Amino acid sequence: MKHWKRFPNNSHVARYVECYWFLEKEQNDQSSHFPKLNPDPTAHLILAPENQAFHYRQTEKTQIGHGDYWIFPHKNTFTIDHSDPFKIIGVKFKTGALYSLDSLFLDLKLDQIEAVDMRALIASDVFCSGDLLNDTAKSPEQISTRLDELLQPWVLQSHEDKHSELVRLILPLLDNTSISEIGRVLHRSQRTIERSFLRVTGLTLKQCQSMIRLEAILNYLYKLDNADIDWADLVAQFEFSDQPHFIRHLKRFIGKTPSEYARDRDLTIDIYGDFELS
């Protein structure tokens, strides 16, 4: 298994892109064939060889295709078919970024996996994801520089309005500010911030904040062996009202109780690691 993560170096791209990441599963890798992708308020653009298949299942809905594709923000867990070797590059966008990048995204798509024509997206007749993936033997820094160059013309066509600018102020507050306090901090009415946030992200403030907290919990648990997990301490650390509240939170988003999750450890972070910065 090979993987890395890099941040954009270009300031224009970094306004909308959180990071680039790379993942390769080789023939002899013994990792789980069906990892689960936890709910995420961000969109990922996946670059893949033209003939490489993708297969995502969510309850009774299956989304399949080949080549490059979008993973749009999703409120529910996906099960991914990774039974065959694969190689992909991911572009993780910041929450709400697509609203400003293309009028096609104003009608936001949630819980969707959708094939994308990269040449049309970045207005390049010569781009080929397969060629870029063949160059991954180069340093991650070289690949991320190339991605900066590819994406810059597209992001320079972005549009900002009062809603996207307000969401840009709201997002840093979601980590440690109650939703009821955000309006006061920003001197806006609760109705104004809720309306702008839903318009830009397709999600409510509560949905997004819950996903952010879930990711923090999963990152925390990833670093611990099961024997080292203190559930009562975790409940207090992540400010749940009590243990049943925490159980409901986990069950709602990943479909498992804490003990079931600890037993299975089958989310992508458990299978592939936390993609530390290279």
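Look a little higher up for the structure.
Because the structure is predicted, anything quoted here is derived from the model rather than measured.

Draft legend 1. Region of the structure containing the overall build of the protein chain. Each helix and strand in the protein chain was counted, giving 13 helices and 10 strands. Against the 2.2 N^0.38 benchmark of 19 Å for 278 residues, the protein chain shows a C-alpha radius of gyration of 19 Å, consistent with a compact globule. Counting only C-alpha atoms and orienting by the principal axes, one finds that the protein chain spans roughly 55 × 50 × 35 Å. Residue burial in the protein chain is summarised as follows: out of 278 residues, 48% are buried. Partitioning the contacts of the protein chain with sequence separation of at least 6, the portion at a separation of at least 24 is 71%. For the protein chain, the exposed surface amounts to about 14000 Å²; the carbon and sulfur share of it is 48%. Across the protein chain, 32 positive and 40 negative side-chain charges occur, with their mean positions spaced 6 Å apart.

Draft legend 2. Up close: the pattern of salt bridges. Under the counting rule described, the total for this entry stands at 14 salt bridges. As a salt-bridge pair, Asp264 and Lys256 come within 2.6 Å of each other at their nearest N and O atoms. Its relative accessible area of 30% is what places Asp264 among the partly exposed residues.

Draft legend 3. Seen up close, the side chain of Ser100. The residue Ser100 is located in helix H2 (residues 97-101) in this model. Beyond its immediate stretch of four places on either side in the chain, Ser100 contacts Tyr16, Ser158, His159, Glu160 and Ser164.

Conventions and cut-offs
Residues numbered from 1 in each chain as written. Predicted model: local features only at pLDDT ≥ 70, side-chain atom pairs only at ≥ 80, totals over all residues. Heavy atoms only, no water. Helix = DSSP H or I, 4+ residues; strand = E, 2+ residues; numbered from the N terminus. Rg over C-alpha atoms; globule rule 2.2 N^0.38 Å. Buried < 20%, exposed > 50% of the residue type's maximum accessible area, 1.4 Å probe, protein only. Contact = heavy atoms within 4.5 Å. Areas by Shrake-Rupley, 256 points an atom, 1.4 Å probe, with all protein chains shown as cover. Lys, Arg positive; Asp, Glu negative; His and termini not counted. Charge placed at Lys NZ, Arg CZ, Asp CG, Glu CD. Salt bridge = Lys/Arg side-chain N within 4 Å of Asp/Glu carboxyl O.

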